[in-house]
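Structure assessment
Okay, here's what each chain looks like letter by letter:
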Amino acid sequence: MQSERQRLLFTSAMNRRKTVQCFSSSSSSSSSSSSTTDAAAAADLQSSLLPCCYWERLGCPKTVMAPMVAQSDLAFRKLCRAYGTELCFTQMIHAHNFVSSESFQWNHLDVYPWGQESYVSPSGFRALKGCKSPSPPPLFLLEEDGCEVTMDALQQQQQQQYPKNNGAIYNEGPMGTCTKNASWNGMETDDIHHHSHPLIVQIAGNNPQTMSKAAKVILERTNHPQAAANGWYRGPVAGIDINCGCPQGIAKKGRYGAFLMEESEDLVCDIISTLKRDLPSNVGVSCKIRLPLQEDKLQERIWKLIDAGVDLITVHGRTLKENKTKVRECNWDAIAKVVQIARDYSQNPDFPVIANGGIEYSSDVDRCLTYTGASAVMSSEALLENPGIFQQSAAKDDLELSPEVLFQRQVRYCHEYLDLCTVYPPLPGSLGKVGGSFNCIRAHFFKMVHRYLEEHPDLRECLGHPTKVTSINEARQLLYQLEQRYSNVTDWSVLRSSNVRKSSWYRRHREAAITSRMSTRGQKVESELSGLSIEEKKNVMRERLRKLREQRLSQVQ
């Protein structure tokens, strides 16, 4: 077993160190001496890359934004980065659909080559209706004179065969510098090592070849033209992540996510090894998983992932059954166990493991890192409500803020997000080709000011209506109305929103789960006492109290 494991580890190491494949661009008249020079330069480049592991190329981040369908859009990624998020994942990309349709590619992948203009879909232009170009400084122009977008202009944009944009330059994920300075075909290696704003694209599927093809198309669409000509990848995508953690019913139907991992760990490992073999060596391969339904399978699962060559593991400390109203407290003990298993088995004391789950407030970040020993912490639901949860400078937990300050902060987040959306309107994705862009914006808006919309159901209904609020400009007007209603509040303590914990969007399912469990326990007690007289019920309860006191005394002793 040990010798076989050493062989697999050696094979994985060789895959990570594979020689850069150059698509031959030299003419047929190239001399043997020039070929020797190119080979030597490629070897120098390879040598310069080897000491820099994947986690180091990511910049050793501590704070991570989770992949969230129709919520990890470019505008929201930029908002979160402004408040301390260091590593971002895109939304999940369905591999089969992605390779089958160019339209699907345009409507789901909001990652572009550095310095190029980002794509605005017809749905995005609908969301921009009524917006004016910001000034100063002018970040984009929808018309040459910066006037409002008209319906004629919108229809004209939708009639175009090829995608149009609004002049916004994509600059996410540029690479920083490194210590070495080798050169290969004019490409400096100090442009290849570290990502200053690292980005990972998540894909989902169950066919290794389809997953590989999808990953390669993603890299082709986001690569720098010069690098593509030389057969190397030089773009904003630092890595490809495999979705093995989604617990939703659609993942079960499509045989991906947490259901695929429970069905066949070997197939997941086959996908990992295929990606490691087919992708450039400066693009990492990671996997996001949940805890197995059978606890005794955890160790073997981590071993298999490492043997397959995975560069990074993200583990959500819940099983696939602990979801929505069935959610339970995140199991940080299990995450700590994964960290220990991964580092012992890989013989790498710094093997990167990201902890996911149980992050509600800013103070939970350091607490989770200390408790689990993980390399970083990932947030999803809490980040959607509080994009600044990772902010370190004088950040206070929500419970420590006054209700008024908390309201002002959440409203500010909304305004800043809407500002970013005027430059980078979300792609429609799975939310509809017509209204999908604004549906994404609507969802973010609702989460950020959830507790306040609950106190004003008329505004909540208006925001959720499919025709009443359909653009960024209209959403801004609704936000102004919300601000106006709270402008004259003198006693915030009487408002439901002043109960920060219970009124939060993050707690919506958790409070329901707690209530459900309490109700179940109450029904059980009531069932046991049914048919007894009042005196008999009293005796039963006295006996229970006596046993509880004995248990507490024994624990103290």
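Reference entry: report on the structure contained in this document. Remember, predicted model here, so these are calculated numbers, not experimental data.

Attention now goes to the packing of aromatic side chains. Counted under the stated rule, the structure contains 11 aromatic pairs. Seen from their ring centres, F76 and Y417 are 6.1 Å apart, and the 80° between their planes marks the pair as edge-to-face. Linking F76 in helix α4 (residues 74-82) with Y417 in helix α18 (residues 403-423), this pair joins segments that are 341 residues apart in sequence. Accessibility assignment for this pair places F76 and Y417 in one class, buried. Judged by centre distance (4.9 Å) and plane angle (20°), the rings of W303 and Y345 are stacked. Of this pair, W303 sits in helix α14 (residues 298-307) while Y345 is found in helix α15 (residues 332-346), placing the two residues 42 residues apart along the sequence. Classification of W303 as partly exposed rests on a relative accessible area of 27%.

This part covers the state of the cysteines. The tally for this structure, following the rule as stated, stands at 0 disulfides. Not part of a disulfide, C287 finds its nearest cysteine sulfur in C244, a span of 3.6 Å. Residue C287 is classed as buried on the basis of its relative accessible area of 0%. Cysteine C421 shares no disulfide, and the gap to the nearest cysteine sulfur, in C440, comes to 7.0 Å.

Once that is clear, we can look at the pairing of strand β7 (residues 199-204). Where burial is concerned, most of β7 is hidden: 6 out of the 6 residues are buried. Side chains L199, V201 and I203 of β7 all project onto a buried face; the interleaved residues I200, Q202 and A204 project onto the opposite face, where all are buried too. In terms of strand pairing, strand β2 (residues 87-94) meets β7 through 5 bridges, oriented parallel. The residue of β7 that forms the bridge with C88 is L199. Where β7 and strand β8 (residues 237-244) come together, 5 bridges link them in parallel fashion. Its bridge partner lying in β8, L199 is registered against V237.

The rules behind these values
Residues numbered from 1 in each chain as written. Predicted model: local features only at pLDDT ≥ 70, side-chain atom pairs only at ≥ 80, totals over all residues. Heavy atoms only, no water. Phe/Tyr/Trp six-rings, centres within 6.5 Å; stacked < 30°, edge-to-face > 60°. Helix = DSSP H or I, 4+ residues; strand = E, 2+ residues; numbered from the N terminus. Buried < 20%, exposed > 50% of the residue type's maximum accessible area, 1.4 Å probe, protein only. Disulfide = S-S within 2.5 Å. Pairing = 2+ DSSP bridges.

Interpretation note: all reported values are geometric properties and have no functional meaning in isolation.
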